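Residues per chain, in single letters:
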Amino acid sequence: MKIWLNGGLQDVESARVSVLDHGLTVGDGIFETVKTVEGRPFALTRHLARLARSAHGLGLPEPDLDEVRRACAAVLDANPLPLGRLRITFTGGLSPLGSDRGDDGPTLVVALGEAGRRPDTTAVITVPWTRNERGALTGLKTTSYAENVVALARAHEQGASEALFANTVGQLCEGTGSNVFVVLGGEVHTPPVASGCLAGITRELAAEWTGAHETDLPLDVLARADEVFLTSTLRDVQAVHRVDGRELPGAPGPVTAKAMRVFAERAAGDLDP
């Protein structure tokens, strides 16, 4: 396996990042996960635009997006896979211990892992912890992911693949690595970015292609929604058949099934929408 590290390809066994990299010591970094199909990335332009937004929001230097594209192409050429997870990581680089950044410049890593097709339906839980819709990192895709690790472990303990958060005012927000949609009276709704959720790339495309409404939703909408589905880079559109103890029989329901079909067709027709 070859990865890209700071300017070139290296063997994964010998590639090294300093133990004093700010991404490791304080989580000072951003990332993107990009689905790849037969060696080609999906929606890379949108992912790179979000990478740049996250860098700006975190106060990191602006990433050289041409270099990132070259790195992605090199990694994909070196590691042929039918379905992959391309990970772009950009950190504050070698820094002194503590929150101050050093002067050595950022670290760029691009790596690829094999991915499998997700099941058509899944179970989710809600968790008691909240997203802070007014935090400094709100809406940024940062490497500060420990909160998600804890919540996802709770989901796995309860036989689910995802955990859903409310925000601090009790509105439905997002999952640990996904966005959430609900169907009410035949209409599709998803929380707005102002709720504190990440502006997911798959969320954005699914909303465009299904005509979904951005709506402030209470967390308890999950107890009465006709259908629920998740979106993310590797899930695409995935139906939910259980929320906590509530079963949603027949999932995927008709609206979700149509959303899954439309997304698959549109995505197959344009790998960089």
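The rules behind each value
Residues numbered from 1 in each chain as written. Predicted model: local features only at pLDDT ≥ 70, side-chain atom pairs only at ≥ 80, totals over all residues. Heavy atoms only, no water. Axes fitted to C-alpha atoms, helices over the stretch in contact; angles between N-to-C directions. Helix = DSSP H or I, 4+ residues; strand = E, 2+ residues; numbered from the N terminus. Parallel < 35°, antiparallel > 145°, perpendicular 65-115°, else oblique. Contact = heavy atoms within 4.5 Å. Buried < 20%, exposed > 50% of the residue type's maximum accessible area, 1.4 Å probe, protein only. Pairing = 2+ DSSP bridges.

### Description of the packing of helix 5 (residues 201-210) against helix 6 (residues 254-269)
A packed helix pair is summarised by two numbers, namely the angle formed by the two axes and the spacing between the axes.
For step 1, the next point in the chain: Two numbers describe how helix 5 lies on helix 6: the axes approach to 10 Å, and their chain directions differ by 110 degrees. Between helix 5 and helix 6, the interaxial angle falls into the category roughly perpendicular. Each of Thr-202, Leu-205, Ala-206, Trp-209 and Thr-210 in helix 5 lies in contact with helix 6, whose residues at this interface are Ala-259, Val-262, Phe-263, Arg-266 and Ala-267.

### Observations regarding the pairing of strand 13 (residues 227-232)
For step 1, the next point in the chain: Summarising burial for strand 13: six of the six residues are buried, a large majority.
For step 2, the next point in the chain: For strand 10 (residues 179-184) and strand 13, the ladder comprises five bridges, and the chain directions are antiparallel. Looking at the pairing, Val-180 lines up with Leu-230 of strand 13.
For step 3, the next point in the chain: Pairing of strand 13 with strand 14 (residues 236-243) involves four bridges; the strand directions are antiparallel.

### A short note on the environment of Leu-58
For step 1, the next point in the chain: Residue position: Leu-58 is located in helix 2 (residues 44-58).
For step 2, the next point in the chain: Here Leu-58 falls in the buried class, since its relative accessible area comes to 18%.
For step 3, the next point in the chain: Put simply, Leu-58 and Arg-40 are 18 residues apart on the chain and 29 Å apart in space, counted from C-alpha to C-alpha.
For step 4, the next point in the chain: Among residues more than four places away in sequence, those in contact with Leu-58 are Asp-28, Gly-29, Ile-30, Arg-101, Leu-137, Leu-140 and Thr-142.

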